[in-house]
Amino acid sequence: MYSKEAQRILFERSKELLKTSPAEPLDFNLASERVWELSNIIRYHEWRYYVQNDPVISDFEYDQLYKQLEAIETQYPDLITPDSPTQRVSPDLTENVEQVVHLTPMLSLDNSYDAEDLLDFDTSVKKLCSLPPDAEVEYAVEPKFDGGTIVLIYENDRLTRAATRGNGELGDEITANIRTLRSIPLTAGFSKYGMAKVELRGEALIRKDIFEKINARRMAAGEVLFANPRNAATGGLRMKDPREAASRGLEAFVYQLGYAVDEAGNNVLDRFKTHHETVRILGEQGFKIPGPLYPDGTAESNAGVCRNIAEVIDLCNSWQSQRDDYPYEIDGMVVKVNSLDLQEKCGSTTHHPRWAIAFKFKARQATTRLRDVEFQVGKTGAVTPVAKLEPVQLAGVTVQNVSLHNEDFIKNKDIRIGDHVLVERAGDVIPYIVKALDELRDGSEQPVVYPTHCPVCQSLLVKPEGEAIWRCENAECEAQVLQRMIFHTSKHAMDIEGMGESTILRFYKLGWLHSIADIYRLDYEQIAQLEGFGQKSADNLEKAVGKAKQNPIYRLLHSLSIHHLGQKSSKLLAAVIGHVLELKDWDLERYQEIKDIGPVLAQNVYNFFQNEHNVELLQTMEQLGVNLSQTEADRKPASATEGPLLGKTILFTGTLSTLTREQAEAKAAAAGASISSGVSKNLNILVAGEKAGSKLKKAQALGTVAIWTEEEFTELVGA
Ligand code: IVH
C-alpha cells in the first residue's frame, strides 16, 4: 500500500510538522495545502496503527498531528472534505477476517494530558449542558486499560457475539476466543432489567505478572518475546485456535453499556440515571468492572465517582503516580460525565463523545536512534549485547542503554546499528526495544557483529548447546570478578548499604578489591581519607559490612553468583545444611534429593563446591567473621501451606522492638503469608513498627490495607 520510500518521507515530514506551532494561523492557500498533507500523513499513521498494528509514532505525536488538522479545518470549514481523517471514524480495513457491524458505532476518546486540559473539558461540558460556569458536574473516573477493545452482545441473557473494535463500525468476530475468558459470563441476567438485547464494551488484557511469566516461558523455549502485555493480549484475541487464546491468561473488564433494548426494540437505557449505575449493574451480573468490588461481588457504591473536576484532577494525578502498583497495564484514566442525561446533552462528534475524555499518562514509547552496540560480561560470564541509544525521554526518565538480551533477539528483530528503533519502558519493567523501523533505513545501517572473543579478557567465547547466550568461561576474567563483587553486595544478596556499584568500582581501581573476601578486610581509616567519604561515611560502611557478616546463609549462598542459584533455591539449600562448607562433601545426587532443585542447578552448585579456590574463598571469609552457619531465618520453609495468614500478603515497616525484620518475616512466612516488597493494592497487612514513614502513609491512603502493630502481629503468630 505504501512504498518504503513513501513511508520514509511521510515519517520525516510528520516529525517536521510536529515541530511547527499548531497555533500559528495560515493563509488560505497554505492552509489548503497543509490540510491535504496532514490528511495524508494521518491516514498513513492510522494505517500503521489500525491495519498494520504497528505504529511508527507515539499516540501523543499522532494526537498533535490530528489536532493540527482539526485547528485548520476549524479556521477554514470550506477545506473539510468528506474523506478527511476528522470526518470518519475509520481507516482502511484488515482483510480475510469475518467482520461484523457494531450495534452502535464504537467511537474513540479525545485526549488530555494535564490539569489544564481537564479544566477546559469541564468548561466545555458545562457549556454544552447550559450550566453556569460555577456549577459542579459529577464525573466517573476509570482506568484506561491498555489492552484489546472488545464488544460483546447478549441476547436473551446469552452471550451471542463478541468482536474487536475494528474501525469503530465494523469489527472482527472473535466469539470463540472470547468464550474462553473466564472473567466473561456466558449468561447474565439482563432480562431482570427488561433488556432483551445489549451491547457491552470492554477491554481484554493480561495481568502484568502473568505477562512476565508468559515471556519467561517463551524465553526459555527460545521463542520471540512479546513487547508488552497489550501486544500479547490483542494477539491472543485473534488466535485461530481458541485453546491457544485461552493459554494467554486473558481477562476482560467491561466499562460501558452502550446499547440496550427490550423485546419490542425500545431503548431502555433511559431507565438508568448514571454511568456508574450501569457499570455497577454489570458488576452485579458477574462482569469484571473498573473499581473495587466487595467480597460478595457487588460494586462499591461510589468507586471512582468525583463530585467535581477538582476531585477528578486529584484522582488522575494519584493514579498516575501509582500506576506501577496496579496489576494491569493502563495508559491513562477515562473521565466520563456521570449523569446519562447530561451525556445525552453533550452528544458526540464523529470521532469521540463530548462527555468523555482520556487523561493520558506520560508516554512510555518513543523512537530514537541506535548509535552502537556494546558487549558486557556479566557475573557468570554471560555476554550481553547492550544498545547505546541517542538519549530519549520515556515516562520521565532518560534512557540510553538498553539490553538486547542475546544474539537471537537481535537476529529476530533484525536490529542494525544506525536504525531508528521504537523503545518502550513499561512500569517497573526495564526499557525494551520493541522493533527497528526498517522502512526508515537509508542503506547506511550496519549489521551487529557478534564478538568471537571476550571483550575484556579475550578468551574464546562459547555457547553451550541448547542455550541462547555466549559465555566467557574464564572465571578470573576481570569483568566477571567485578560483576560478582557488585552482585555480592547488592540488595538481593548481602545487602551492604553504601557499597553500590560505583563504590566497588572505585575501591577496585584503587587496588583494594581482588575477590569478595576483600570486602571484609577493608581499611576504614584509609576509606575515611577518600574524597567524598569522611569519618561518618566510613563508619557507616563499616557498620553495614559488620551487619552483613551476620546475614543468614541463604543470602551468602545467593551472593556467590552460582549460575541459576537464585534466592528461592538458596533458601531451599540453606534450610537443609548446618554450615555452608558441608557442601564440599556433598555428591551430585544429594542436591537432587532436594525438592525443586533440578539437575542443571545441582550440577552448578556441585561444581562450585568441588573447586578448591571457592572453598578457600569461603574459609577466608569465615576467618574474617562472615557467618557460614545456619540461622533461624535459614530454617524457615520457603512457603507454608497452612497457617493463620495463609494467602495474605504482608509487609513490615519501621523498627520492630522484639523481632528483627528477618525473624518477623520468617514467622509471617511460617504462618502462610507471602512477604511483599512494597505497598500496592495487593498488600493485605502492613505491620508498622516505630518511625514507620512513607510506606505507612501510602497504605493508609490506599484504605484497603490492614495496619497492625507489632504486638498484634506477635499475638497472632506467637512471640
Ligand atoms: S469508554 C466512546 N472506558 O480506550 C468511547 N474506554 O481511546 C467509550 N478504553 O478503544 C470508551 N479503558 O477501548 C472507555 N475505562 C474505559 C476504557 C476505555 C480503555 C479504550 C477503549 C477505546 C479507547 C479509546
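Residues numbered from 1 in each chain as written. Predicted model: local features only at pLDDT ≥ 70, side-chain atom pairs only at ≥ 80, totals over all residues. Heavy atoms only, no water.

Some remarks on the site of the ligand
Here is step 1: As a structural note, the neighbourhood of the ligand is formed by 15 residues, with Glu142, Thr149, Glu203, Tyr255 and Lys336 the closest of them.
Here is step 2: Here Lys144 contributes a side-chain N or O atom positioned 3.2 Å from an oxygen atom of the ligand.
Here is step 3: Separating an oxygen atom of the ligand from a side-chain N or O atom of Thr149 is a distance of 2.7 Å.
Here is step 4: Across the complex, the protein chains shield 92% of the 520 Å² of accessible surface that the ligand would expose by itself.
Here is step 5: Every element with two or more residues in the shell around the ligand is listed here: β3 (139-145), β8 (250-261) and β10 (330-337).
Here is step 6: In terms of residues, the shell around the ligand owes the most to one element, β3, which gives four residues.
Here is step 7: When its residues are assigned to classes, the shell around the ligand shows seven nonpolar, three polar and five charged. (Near = heavy atom within 4 Å. Polar contact = N/O pair within 3.5 Å; in protein donor to acceptor, adjacent residues only side chain to side chain. Areas by Shrake-Rupley, 256 points an atom, 1.4 Å probe, with all protein chains shown as cover. Helix = DSSP H or I, 4+ residues; strand = E, 2+ residues; numbered from the N terminus. Nonpolar A, V, L, I, M, F, W, Y, C, P; charged D, E, K, R; others polar.)

Some thoughts on the pattern of salt bridges
Here is step 1: Applying the stated criterion across every chain yields a total of 29 salt bridges.
Here is step 2: A salt bridge links Asp122 to Lys126; its shortest N-O distance comes to 3.0 Å. In this pair, Asp122 and Lys126 are both assigned in helix α4 (residues 115-128), four residues apart and thus about one turn of the helix distant. Per residue, the accessibility class of Asp122 equals that of Lys126, and both read buried.
Here is step 3: With a closest N to O distance of 3.8 Å, Glu155 and Lys197 form a salt bridge. With a gap of 42 residues between them, Glu155 in strand β4 (residues 148-155) and Lys197 in strand β7 (residues 197-206) connect regions that are remote in the sequence.
Here is step 4: The partly exposed category is assigned to Glu155, whose relative accessible area is 31%.
Here is step 5: With a relative accessible area of 25%, Lys197 lands in the partly exposed category. (Salt bridge = Lys/Arg side-chain N within 4 Å of Asp/Glu carboxyl O. Buried < 20%, exposed > 50% of the residue type's maximum accessible area, 1.4 Å probe, protein only.)

A closer look at the environment of Arg369
Here is step 1: Within the secondary structure, Arg369 is located in strand β12 (residues 365-377).
Here is step 2: Measuring from C-alpha to C-alpha, the distance between Arg369 and Val392 comes to 9.1 Å, with 23 residues separating the pair along the chain.
Here is step 3: Beyond its immediate chain neighbours, meaning those up to four positions away, Arg369 contacts Lys388, Leu389, Glu390, Gly418, Asp419 and His420. (Contact = heavy atoms within 4.5 Å.)

Concerning the sheet that holds β4
Here is step 1: Spatially, β5-β4-β7-β8 is the arrangement adopted by the four strands of the open sheet, whose pairing is antiparallel. The open sheet has two edge strands, β5 (158-164) and β8, and neither has a second partner. Neighbouring strand axes in the sheet, compared pairwise and without regard to direction, differ in orientation by 25° on average.
Here is step 2: As judged from the ten bridges shared by β7 and β8, these two strands associate in the antiparallel manner. Opposite Ile206, over in β8, you have Leu250 as the bridge partner.
Here is step 3: Strand contacts of helix α7 (residues 229-237): β4, β7 and β8, with the helix running at about 130° to β7, the strand carrying the most contacts. (Pairing = 2+ DSSP bridges. Axes fitted to C-alpha atoms, helices over the stretch in contact; angles between N-to-C directions.)

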